[in-house]
Structures are given as C-alpha cells and as structure tokens.
Amino acid sequence: MPSIIQCPVCREPLLPTATGYQCAALHCFDAARQGYVNLVLSHNKHSKEPGDDPEMVLSRRRFLELGFYNPVSDGINEAIGTVLAELERGSGCSVLDAGCGEGFYLARLKKTLAQGSASPLVLEYHGVDVSKFAIRLATQRDRSMGWFVASINDLPYLDASLDLVLNVFSPANTPEFARILKEGGSLVFVSPGPRHLNGLREIIYPVTREHGAPAITAKAEAFFAPAAVSRITYPLELKSNEEIMDLLAMTPYYWNIDRETKAKVTALDYLQLDVDVEIRVFRKKSGNGEPTET
Ligand SMILES: C[S@@+](CC[C@H](N)C(=O)[O-])C[C@H]1O[C@@H](n2cnc3c(N)ncnc32)[C@H](O)[C@@H]1O
Ligand SMILES: [Zn+2]
C-alpha cells in the first residue's frame, strides 16, 4: 500500500526509509529503538511530556491485561467487524486508533479480525497517542503496526487516507478525523455510558449523577451521519487493592479528587461496580453532506 503518513512540517507524504520516515523536502523522523516514530514537533508541545504519564499507562496496562474490559473490546470489535464487512474483500483497508494508549484495543482488534474471515481484507493498523510512554508500551504488543507519537489535533495522515478511526475514552477532534477519513469511512467513538463506574463514583462523589450523552453527536454532525449505537453493560468485582488503585489511576478522578477521598479509595480491598460503555459508529458524509453508500 502507498504511504498514508503525512509530514508534520510540510504536509507532503512521508515515505519509509531504513531508519524511519522522510518526505520529498528531506524532513526526517527517525524511529526510536522500540519501533515507534515521534512526529510531535517540539514547538507544538504544550508540556514537556504530554498525555498520560508512566504511572497511568502502567496502571492501564495491568488492569486491561486482567481482562476486566474484554467485553468492551469484544463489543468494539463486533461494531468494527460490521463496518468492515461492507468493504470490498481483497481491498486495502487502513485502521487508526486515535488516542490508543498502550494499545490494548488495537491489538485485540487485530487478533479478532485475523481469526474471523477466510478471505480477509488487507488491513493496515495504526495507533497514535500523544504520550510517548503509552506508545512505547503499545509497540511491545505488535511491532508490525504503525505506532506514532502525535496529537489527535494534528494527525500525521494524508487527507482521505483511512477507512476507519477508532477513538476510545480519549480526546476527540471530529474535523481532524473527518479530514483523514475517506468518503464513506467510519468513526467508531467509545465513551462512558450513563452508569459507568458507579460503585467507584459513589465513593468519590456525595451525589452521583448519570453520565450525560457525549458531546460528539452534535460536534460530528457537520461531517458525519450516525450509523449505529450499541451499549455494553456488566457488573465488575475488583478483589484487591492493586486492581482498585489501577482503575482509579486510569480515570480522570485520580487527578481531581482530594486527599481525603483518595485515602478512602486507597483503604479498599474490594469493590463492586458497573461497567457501562457506549459505542457509536458514524459514517463520513460525502462532499454534498450525504452519507456515502458503500
Ligand atoms: C483515558 S486514556 C485511553 C487510552 C486507550 N484508548 C484506552 O482506552 O485504553 C486517554 C489517552 O489519550 C491520550 N491523549 C490525551 N490527549 C491527547 C491528544 N491531544 N492527542 C492524542 N492522544 C491524547 C492520553 O495520553 C491517553 O493515552
Ligand atoms: Zn516535509
């Protein structure tokens, strides 16, 4: 497949070289020894180490590896399987996980799709996160995927070059997703459902409100038509303090709660809670605003 990577300096295609990537204007980006490429330009960095820090990334890796979110990943894979089933067999297909963290969902997607079909699509997998710690860990999962340190606000992909963008519990930039998707391409957006993490939230907040509908539907409207919604809900039991603390470190609550509340959670050895996740599929509209037939 031709390169779909875009030079962050001049916006021309970046082509693979022996040591990384280079564009026609000779802007060069070397691959790190772990196999990923950092495409964040230093003057665009808003902090020294943007995105999740090593502690959060390692907590997420440990928690996800215990299988607690496997049903969420299965639901995502089913939604994506349905989207890809509509594409022509044998044709090339590029999938990006934007805000991929340590790569759990993308690695499981690849495994599932590899098992699924006798005559599969030719799939190219990419993961982008602004945290280099997250991408370093993600690279360990599968070095054959394209792993890039980059921001969802400036994705290193050519216009209309991808078939599917996945976005799980991460910041979203719908105009940027629309730019890099082909016409008729799909955005799979995954966010907390109304009761997500109830059980933990009741310890943290005196009054627990249900999560409202995500802002994505209104934000996406200019570029995308809604195609499908599904919801995954199940009860979860955490039976050790380490599991509970790892979950806490994966959530925004970790940074927002006061010392006293953190101490309450830190004292727990057992926690029952709800997992409640919504998966929305959007299809990119054609130039005239209509969803494209596939
Ligand atoms: C809650 S985590 C979710 C990670 C992964 N999708 C998962 O569910 O396991 C949010 C991720 O978004 C990343 N992130 C935050 N701001 C970002 C940005 N502007 N561009 C790309 N990634 C970003 C963080 O580094 C972190 O890995
Ligand atoms: Zn360039």
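Refer to the structure above for everything that follows.
Residues numbered from 1 in each chain as written. Chains lettered and ligands numbered in written order. Predicted model: local features only at pLDDT ≥ 70, side-chain atom pairs only at ≥ 80, totals over all residues.

## Here's the deal with the overall build of the chain
A count of helical and extended segments in the chain gives ten helices and eleven strands. A compact globule built from 294 residues should have a C-alpha radius of gyration of about 19 Å, and the chain, at 19 Å, falls within 12% of that. Summarising its shape, the C-alpha atoms of the chain cover approximately 55 × 40 × 35 Å along the three principal directions. Of all intrachain contacts in the chain linking residues separated by at least 6 positions in sequence, the fraction that spans at least 24 positions is 70%. (Helix = DSSP H or I, 4+ residues; strand = E, 2+ residues; numbered from the N terminus. Rg over C-alpha atoms; globule rule 2.2 N^0.38 Å. Contact = placed C-beta atoms within 7 Å.)

## Some words on helix 2 (residues 70-85)
Taking 1.5 Å as the rise per residue, helix 2 with 16 residues should run 22 Å; its terminal C-alpha atoms sit 22 Å apart, in good agreement. Buried within helix 2 we find V72, S73, I76, A79, I80, V83 and L84. Each buried residue of helix 2 sits inside an arc of 135° when the element is viewed along its axis, so together they form one side. Among the exposed residues of helix 2, those oriented more than 90 degrees off its buried face are N70 and A85. (Expected span 1.5 Å × (residues − 1). Buried ≥ 20, exposed ≤ 12 C-beta atoms within 10 Å, placed from the backbone. Arc of directions from axis to C-beta.)

## Quick word on the sheet that holds strand 7 (residues 146-149)
Spatially, eight strands are ordered 4-7-6-5-8-9-11-10 in an open sheet, and the strand pairing comes out mixed. For this open sheet the edge positions go to strand 4 (37-38) and strand 10 (224-238), each flanked by a neighbour on one side alone. Here strand 6 (residues 122-129) pairs with strand 7 via four bridges, running parallel. The partner of V128 across the bridge, within strand 7, is F148. The strands touched by helix 4 (residues 132-141) within the sheet are strand 4, strand 6 and strand 7, with strand 7 carrying the most contacts at an inclination of about 165°. (Pairing = 2+ DSSP bridges. Axes fitted to C-alpha atoms, helices over the stretch in contact; angles between N-to-C directions.)

Read these as geometric descriptors, not functional statements.
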